[in-house]
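Analysis of the macromolecular model
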Amino acid sequence: MCGICGYSGKGQEKVLKSMADAIVHRGPDEEGVYMSDEMNLCTKRLSIVDVECGKQPMSDGSGKVHLIWNGEVYNHRELRKQLEQKGHCFISDHSDTEVLLHAYLEYGDSFVKKLNGMFAIAIWDQRTNCLFLYRDRMGVKPLYYCQLSSGQLVFASEIKSILKHPEYEKKIDDKALYQYFSYKHINGPDTAFVGVKAMLPGEEICYHGGQIKSEIWWSLQEVYGREQKEYMQGATEKTKISGIIEHLRELLEDAVRIRLQADVEVGSFLSGGLDSSLLSVLAAKHTPELSCFTLGHQVAQEHTYDKQADVEYSKMLAVENGMKHTLYTMSAKDLVERMDDIVRALDQPFSGAVSTYMMAEVAAKQVKTALSGDGADELFGSYASHMVSFPMEYIKKCKETGANIEIEKLKPLEEELPYLQALYEFSKGEEAKISERMLVLTDEEKQLFLGERFLPYAIEKKTFQQVCQYRKRLVGRDALNRNLEYDSMTLLPNQVLTYSDSLSMAHSLELRTPFLDYRLVEYVAGISGQLKMLGGETKYLLKAAAEQYLPKELIYRKKEGFVMPVNDWLPVELKEYVLDTLSFDALKRYGYLPPENVYFILKKYYDNPEVNAGLSDMIWNFVCFQKWCEAYV
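Presented here is an overview of the structure given in this document. Everything numeric here is computed off the predicted structure, so don't read it as measured data.

What follows is about the pattern of salt bridges. A full pass over the atoms with the stated rule returns 40 salt bridges. The shortest N-O distance in the salt bridge between Glu431 and Arg471 comes to 2.9 Å. Highlighted residues: Glu431 in helix 16 (residues 431–437) and Arg471 in helix 19 (residues 462–472), separated in sequence by 40 residues. Of the charged contacts in the structure, one is a salt bridge between Asp517 and Arg519, with a shortest N-O distance of 2.9 Å. Take Arg519: its relative accessible area is 27%, and that puts it in the partly exposed class. Among the charged side chains, a network of salt bridges with common partners joins Arg26, Lys141, Glu158, Lys160, Asp347 and Asp501.

Here you go:
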């Protein structure tokens, strides 16, 4: 696990050091440098596997091929055996870095398809004068790049490192920022900075002779397009479902097992809900006194958020499974005090959950790496966008045929008919319009509330155009699978994974994500959505698989997950902070948000927070954006 950076052309030690120092938090254990007249590479290493012999950059015997990377490859031992059988000799005992280098020498570009792990890899091959960059299948590890006006290529694990290159002239990309006010993040390859691009999941880049060539070496769309047809018929047949559940257990157990490989202690995030509890219990089978970490919240006036149940279940599981349990209780004051550091850790505007920053800060005092439940929601289905999939499809059919709506067929939202009817009136059942309504702000709303700088994009309906572009690529055979596929293309890599990585690595903590083992992803993506939400039960298959390991009362209870109670904090604890951050003078300083419009929203909300709770997402979105402006604009 490392932070990596580099650039083409004649090297300057001062420049490379400045870029590397910007990401020292990603790898405080040691630094490695390669410099030449053609290419310059640097790593900041967090030593987890083969501490002594896994140093980077690593070069082949001829000194012509040089590799740096960030991540973990969990099948490196198996790959080593295969390469030894082909005549490769290894110096180290179990260095995964050395395995990667030899795999590239043996298989060329296709080596990356043999890897099971999370990674961002850079290889400088002097034999062909090509720089190759690779990002893992699901986009767990980030990698950014920029081609300068001189034609040089600059790349790094975080944008802040690229900004340190003296030839990059920092310029904010308003068109990319416009996305943020809908998604809470910016979708790759765009970033908040002109010219800086985020590599896409499963992407490979070749830089040669001043030219960039890009291709996708693994595609989520291909996976969803290979739905297992034998499960399309007779979806409720017990034998078929039991077979799926048993295979899920096998895949999950192995995904956890291989992610416990390390020369340092591996811990686990334990929220008290289904995903993290399942992973923690499976890990505890292999790890005596597994260190697990739970986040609690202090709330003065609790309306929508009950974290205490999560805490109690996590304590119970820890005792029953012999885990070493650490509880951290977070307050709104903690968030305010750390907000500037969080913003700088992220580089780009972001208004999703940032609790990972607090959890990582606590966990990093005891372990260097921890398991995380990221990806389970996007695989098995639990978000509102997933729950509306079949009900909206059914309502649309009823409207078109004139049939009466049977409440029983609206599961899991059978008690939310007014909400579903309002969503239908907005969308008429069109999936792209449903996705648009799930965003914080639509183009029409942004036209009302955002400033003149964003007006051209709002008039052109850039956000809805982007939603349509994503949805045109979807190949899932049913409404739920299409929505899962959509979130796995947008929300998962651009929000959940990118920011989990940034917020954990800010404390030199590596997060490992068993649910995103590509074998599990490919298997689950190929299962009909009807089975994933059988009988209206969210995450039906995962819950059924978990019954072998967890109490049923934990599995089937309502769960919030690793989120912050911002909705409950805004009316009281955060009120002063919000009003100060979004004051007239503060907003005028940057010219992005019209003070009068923001004041109107704040007044309406604070006149009656309970009635106007629907405005809380927008308000927090504006607060986070303003804090980002303070740091980067």
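Moving on: the packing of helix 10 (residues 332–346) against helix 30 (residues 616–632). It is at 9 Å that the axes of helix 10 and helix 30 come closest, and there the two elements cross at 60°. Classed by the angle they form, the pair helix 10 and helix 30 counts as oblique. Of the two possible hands of crossing, helix 10 and helix 30 adopt the one that is right-handed. Only Trp620, Cys624, Lys627, Trp628, Ala631 and Tyr632 of helix 30 make contact with helix 10, whose side of the interface consists of Leu335, Met339, Asp340, Val343 and Arg344. Residue composition of the contact of helix 10 with helix 30, grouped by class: eight nonpolar, no polar and three charged.

On to the sheet that holds strand 9 (residues 153–156), then. Here six strands make up an open sheet; going across it, the order is 2-3-1-9-8-10 and the pairing antiparallel. With one partner strand each, in any of the chains shown, strand 2 (30–35) and strand 10 (196–198) form the two edges of the open sheet. Between one strand and the next, the sheet's axes are offset by a mean angle of 15°, whatever the strand orientation. In the packing of helix 1 (residues 13–21) onto the sheet, the strands contacted are strand 1 (2–8), strand 2, strand 3 (39–45) and strand 9, and the crossing angle to strand 1 comes to about 150°.

All chains considered together, the criterion is met by 22 aromatic pairs. An angle of 25° between the planes, with centres 5.6 Å apart, marks the rings of Phe454 and Tyr592 as stacked. One end of the pair, Phe454, is in the loop between helix 17 (443–449) and helix 18 (455–459); the other, Tyr592, is in the loop between helix 28 (584–588) and helix 29 (595–607), and 138 residues separate them in sequence. Side by side, Phe454 and Tyr592 carry an identical accessibility label, which is buried. Ring geometry for Tyr470 versus Tyr486: centroids 6.3 Å apart, planes at 85°, classification edge-to-face. With Tyr470 in helix 19 and Tyr486 in helix 20 (residues 479–489), this pair connects stretches of sequence that are 16 residues apart. Classification of Tyr470 by relative accessible area gives buried; the value is 9%.

The next point concerns the packing of helix 2 (residues 76–85) against helix 3 (residues 96–107). Axis separation between helix 2 and helix 3 bottoms out at 10 Å; the angle between their running directions is 45°. Overall, the two elements helix 2 and helix 3 adopt an arrangement that is oblique. Here helix 2 runs over helix 3; the crossing is left-handed. Judged by residue contacts, His76, Leu79, Arg80, Gln82 and Leu83 of helix 2 engage Asp96, Glu98, Val99, His102, Ala103, Glu106 and Tyr107 from helix 3. A breakdown of the residues in the contact of helix 2 with helix 3 according to their chemical character gives five nonpolar, three polar and four charged.

Within helix 1, burial applies to Val15, Leu16, Met19 and Ala20. All buried residues of helix 1 lie within an arc of 130° about the axis, which places them on one face of the element. More than 90 degrees from the buried face of helix 1, the exposed residues found are Glu13 and Lys14. Residues of helix 1 that are buried sit in contact with strand 1, strand 2, strand 3, strand 9 and helix 4 (159–162).

Procedures and definitions
Residues numbered from 1 in each chain as written. Predicted model: local features only at pLDDT ≥ 70, side-chain atom pairs only at ≥ 80, totals over all residues. Heavy atoms only, no water. Salt bridge = Lys/Arg side-chain N within 4 Å of Asp/Glu carboxyl O. Helix = DSSP H or I, 4+ residues; strand = E, 2+ residues; numbered from the N terminus. Buried < 20%, exposed > 50% of the residue type's maximum accessible area, 1.4 Å probe, protein only. Axes fitted to C-alpha atoms, helices over the stretch in contact; angles between N-to-C directions. Parallel < 35°, antiparallel > 145°, perpendicular 65-115°, else oblique. Left-handed = near helix turned anticlockwise from the far one by under 90°. Contact = heavy atoms within 4.5 Å. Nonpolar A, V, L, I, M, F, W, Y, C, P; charged D, E, K, R; others polar. Pairing = 2+ DSSP bridges. Phe/Tyr/Trp six-rings, centres within 6.5 Å; stacked < 30°, edge-to-face > 60°. Arc of directions from axis to C-beta.

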